[in-house]
Amino acid sequence: DIWIAKIEELEETNINETNTNIVLIVYPNPSNGIFTVNSGELIINNIEIIDLTGKQVYNSQLSTINNQLHIDISYLEKGVYIIKTNNGLTQKIIIK
């Protein structure tokens, strides 16, 4: 399964308004705890993962390489988590 979070931003210019799509794709989802995060054109500098109680279980300062990140959280228990980026994007992930 692939989960897609799509946010649309409006940027103002002197001439007109343009619509920029920002997409965060996390796959495979569900997985065994090893995920790939594709950020499209968005540069991600920080990834935070929280469990459903709100506890932070992962936090990393990093930079995307070719707009992709590889995250290994296979040491966490099976369950549902939320991945958050420094840009405000969030996505539900599942470790099975």
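Quick summary incoming for the structure in this document. (Residues numbered from 1 in each chain as written. Predicted model: local features only at pLDDT ≥ 70, side-chain atom pairs only at ≥ 80, totals over all residues. Heavy atoms only, no water.)

Scanning the protein chain from N- to C-terminus turns up zero helices and eight strands. Seen in sequence order, the protein chain has helices and strands lined up from the N terminus as β-β-β-β-β-β-β-β. Partitioning the contacts of the protein chain with sequence separation of at least 6, the portion at a separation of at least 24 is 46%. Per element, the accessible surface of the protein chain, about 6,100 Å² overall, is 48% carbon and sulfur. (Helix = DSSP H or I, 4+ residues; strand = E, 2+ residues; numbered from the N terminus. Contact = heavy atoms within 4.5 Å. Areas by Shrake-Rupley, 256 points an atom, 1.4 Å probe, with all protein chains shown as cover.)

Between Tyr27 and the following residue, Pro28, the backbone shows a cis peptide bond with an omega angle of -15°. Looking at where Pro28 falls in the secondary structure, it is placed in the loop between β2 (17-27) and β3 (34-38).

In this structure, Leu24 sits in strand β2. Each C-alpha atom of the pair Leu24 and Val37 lies 7.0 Å from the other, and the pair is 13 residues apart in sequence.

Its location among the elements puts His70 in strand β6 (residues 68-72). Residue classification places His70 among the exposed positions, given a relative accessible area of 61%. His70 sits 32 residues away from Asn38 along the chain, and the two C-alpha atoms are 9.0 Å apart. Ignoring any residue separated from it by four or fewer positions in sequence, one finds His70 in contact with Phe35 and Thr36. A polar atom in the side chain of His70 sits 3.1 Å from the side chain of Thr36. (Buried < 20%, exposed > 50% of the residue type's maximum accessible area, 1.4 Å probe, protein only. Polar contact = N/O pair within 3.5 Å; in protein donor to acceptor, adjacent residues only side chain to side chain.)

Side chains Leu69 and Ile71 project from β6 onto a buried face, and the interleaved Gln68, His70 and Asp72 project onto a face without burial. Pairing analysis gives five bridges linking β3 to β6, with the strands arranged antiparallel. When the sheet's bridge partners are listed, Phe35 is paired in β6 with Ile71. (Pairing = 2+ DSSP bridges.)

Interpretation in functional terms is not warranted from these geometric data alone.
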